[in-house]
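Observations on the three-dimensional arrangement
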Amino acid sequence: DEWWREAVLLTVGSLGAPVPYERRRAFVHALCSLEGTMPARLVAAELAATGLGDLNDPEPALQEMARARLSALWREAAFVEAKPALRALAGQALAVLGDDRDFDELITIPAGPFLIGDDGDRDASPQHKLTLPEFKIGKYPVTNAQYLRFVKATGQSWRLDGQLPEWANRPAAYVSWYEAQAYCKWLTGVWRAEGKIGKDDVVRLPTEAEWEKAARGVDGRAYPWGDEWDKARCNTAELGVGSTCVVGMFPDGASPYGCLDMAGNVWEWTITLWGPWEQDEAVLQFKYPYNLDDGREYPEANGNILRVLRGGSFYLGRGSARCTFRFRDYPGSVWFNLGFRVIVVSLVREG
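Residues numbered from 1 in each chain as written. Predicted model: local features only at pLDDT ≥ 70, side-chain atom pairs only at ≥ 80, totals over all residues. Heavy atoms only, no water.

Secondary structure summary: the protein contains 10 helices and 11 strands in total. For the protein, with 351 residues in total, the buried portion stands at 52%. The long-range fraction of contacts in the protein, counting pairs at least 24 apart against all pairs at least 6 apart in sequence, stands at 74%. (Helix = DSSP H or I, 4+ residues; strand = E, 2+ residues; numbered from the N terminus. Buried < 20%, exposed > 50% of the residue type's maximum accessible area, 1.4 Å probe, protein only. Contact = heavy atoms within 4.5 Å.)

Quick look at the structure:
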């Protein structure tokens, strides 16, 4: 598939003269029409986004045709079965052409008990049952496009690479815990004004317990998709991509509730406290069993107290991608693999 794609692109690039619009349109249409052939539709998208081999200006009609076909591909078996490198390129092309997926989509996590923790992990033991009320959580981590709206609306500063059009549908990174909190506060106002949430609802970061339930469901599984490791279901070091990738690229890595990218890609901030850093060591102050009333969810804690991160990242391996793995960092830290997702809860229910 990769050889086929490269051959077509090289052929187009060597034409050496402008190609009439009708011939371009016919060529892209033919590529789009090859059912179940992902490389064909990917080439069509790349050509439509850039013009044929940079010989011509992009054409809106071609772009829309390729965008529609590439968007449809996301829901087909050909996408899941394609190699990660091709899926990543498809996501990048779709970002430029216009990714119309609803990245604000929320998934309802029902009230009730679930298994939290792992008896085989010193920092996450003992495994035990914990009951949580209902909440809603983002299907995806917050993307660059979503975070850029916040940056522009509030005058925040942010890294330029997060503003690249071809990275619009990647998870926002280089985001501190404080910045993620500010985003949630801003989004609460926006969504209330739009009627997406009620006047008594609030957007915030998840607690680590809420995050874990959304990631693994109620049955105590090791990874969002089950107990068996599969490097093809998430973006960790084993995959070899070496950077963040478009969100939702691993539909077969979804959690039991349908949440995506809860293993790998970027670490996700939670509101939960870990403990202080003392004598070159992170001291786990808030251990298991999980206690909802011991102050571990205190949002106004000193900046020297570490906050819990969940989910692993593209930079690390399978161990950190387990649903139960607990990591930590200073709330002011800003790294290439630190991102977040949001939840919505009722202030009335939370008291």
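Moving on, there is more to tell.
Turning our attention to the side chain of Ser71. Relative to the helices and strands, Ser71 resides in helix α4 (residues 60-73). Here Ser71 is in contact with Leu94 and Asp100, once residues within four sequence places are set aside.

With that settled, consider the nonpolar core. Ranked by size, the top nonpolar core spans 25 residues in total, and within it Tyr147, Tyr183, Val203, Leu205, Trp269 and Phe340 carry the most contacts. Of all the secondary-structure elements, those providing two or more residues to this core are α7 (144-154), α8 (177-194) and β6 (267-278). Among the elements that take part in this core, α8 stands out by supplying 6 residues, more than any other. Among the nonpolar cores identified, the runner-up in size contains 21 residues, and Ile109, Ile116, Ala124 and Trp211 belong to it. (Core = buried A, V, L, I, M, F, W, Y, C linked by side-chain atoms within 4.5 Å.)

For the rest of this paragraph, the subject is the packing of α7 against α8. It is the contact of α7 with α8, at a shortest axis distance of 11 Å, that shows an interaxial angle of 80°. In terms of orientation, α7 lies roughly perpendicular with respect to α8. Along the contact surface, α7 presents Gln146, Tyr147, Arg149, Phe150, Ala153 and Thr154, while α8 presents Glu179, Ala182, Tyr183 and Trp186. Here the contact of α7 with α8 is built from residues that sort into 6 nonpolar, 2 polar and 2 charged. (Axes fitted to C-alpha atoms, helices over the stretch in contact; angles between N-to-C directions. Parallel < 35°, antiparallel > 145°, perpendicular 65-115°, else oblique. Nonpolar A, V, L, I, M, F, W, Y, C, P; charged D, E, K, R; others polar.)

What follows concerns the packing of aromatic side chains. Evaluated as defined, the whole model comprises 20 aromatic pairs. An angle of 50° between the planes, with centres 5.2 Å apart, marks the rings of Tyr147 and Phe150 as tilted. Of this pair, Tyr147 and Phe150 both sit in helix α7, 3 residues apart, which is roughly one turn of that helix. Geometrically, the ring pair formed by Trp177 and Tyr178 is edge-to-face, given 5.5 Å between the ring centres and 80° between the ring planes. Trp177 gets classed as buried once you look at its relative accessible area, which sits at 3%. Ring-pair connections join several aromatic residues into one group, and the members of that group are Tyr147, Phe150, Trp158, Tyr183, Trp186 and Phe340. The residue whose ring lies beneath Arg296 is Tyr290, and the NZ or CZ to ring-centre distance is 4.6 Å. (Phe/Tyr/Trp six-rings, centres within 6.5 Å; stacked < 30°, edge-to-face > 60°. Lys NZ or Arg CZ within 6 Å of the ring centre and 35° of its normal.)

With that settled, consider the sheet that holds strand β11 (residues 343-346). The sheet built from 4 strands is open, its strands ordered β1-β4-β11-β5 with antiparallel pairing. Unpaired on one side and paired on the other, β1 (106-109) and β5 (201-204) mark the two borders of the sheet. Averaged over all adjacent pairs, the angle separating strand axes in this sheet is 30°, with direction ignored. In this sheet, β11 lies alongside β5 in antiparallel orientation, the contact comprising 4 bridges. Bridge pairing in β11 links Val203 to Val344. Packing against the sheet, α8 makes contact with β1, β5 and β11, and its axis sits at approximately 145° to β5. (Pairing = 2+ DSSP bridges.)

If the charged atoms of two oppositely charged side chains come close together, the side chains can form a pair. Inspection of the entire model under this criterion finds 16 salt bridges. We note a salt bridge from Arg149 to Asp104, for which the minimum N-O separation is 3.9 Å. Within this pair, whereas Arg149 is found in helix α7, its partner Asp104 is found in the loop between α6 (84-97) and β1, the two being separated by 45 residues in sequence. We note a salt bridge from Arg310 to Glu212, for which the minimum N-O separation is 2.8 Å. With Arg310 in strand β8 (residues 305-310) and Glu212 in helix α9 (residues 208-216), this pair connects stretches of sequence that are 98 residues apart. By the burial criterion, Arg310 is buried, and Glu212 matches it. Taken together, the salt bridges that share partners define one network made up of Glu208, Glu212, Arg216, Arg310 and Arg326. (Salt bridge = Lys/Arg side-chain N within 4 Å of Asp/Glu carboxyl O.)

Once that is clear, we can look at the side chain of Asn337. Within the element layout of this structure, Asn337 appears in the loop between β9 (327-329) and β10 (338-339). Judged by relative accessible area, which is 8%, Asn337 ranks as buried. Of note is the side chain of Asn337, whose polar atom sits 3.1 Å from the side chain of Ser313. Apart from the residues within four sequence positions on either side, Asn337 is in contact with Val266, Trp267, Ser313, Phe314 and Tyr315. (Polar contact = N/O pair within 3.5 Å; in protein donor to acceptor, adjacent residues only side chain to side chain.)

When the pLDDT values of the protein are averaged, the result is 86; 81% of them are 70 or greater. Between residues 10-17, whose pLDDT stays under 50, and residues either more than four places distant or in other chains, the model counts 9 contacts. pLDDT under 50 marks residues 52-57. Its contacts with residues more than four places away, or in other chains, come to 19 contacts. (pLDDT = per-residue confidence, 0-100.)

Our focus in this paragraph is unusual backbone geometry. Residue Pro126 is bonded to the preceding Ser125 through a cis peptide linkage, with omega at 5°. If you trace the backbone, Pro126 turns up in the loop between β2 (112-116) and β3 (128-132). Phi is positive for Tyr174, close to 55°, though the residue is something other than glycine. Mapped onto the elements of the fold, Tyr174 is located in the loop between α7 and α8. You will see that Asn265, though not glycine, has its phi angle at about 70°, which is positive.

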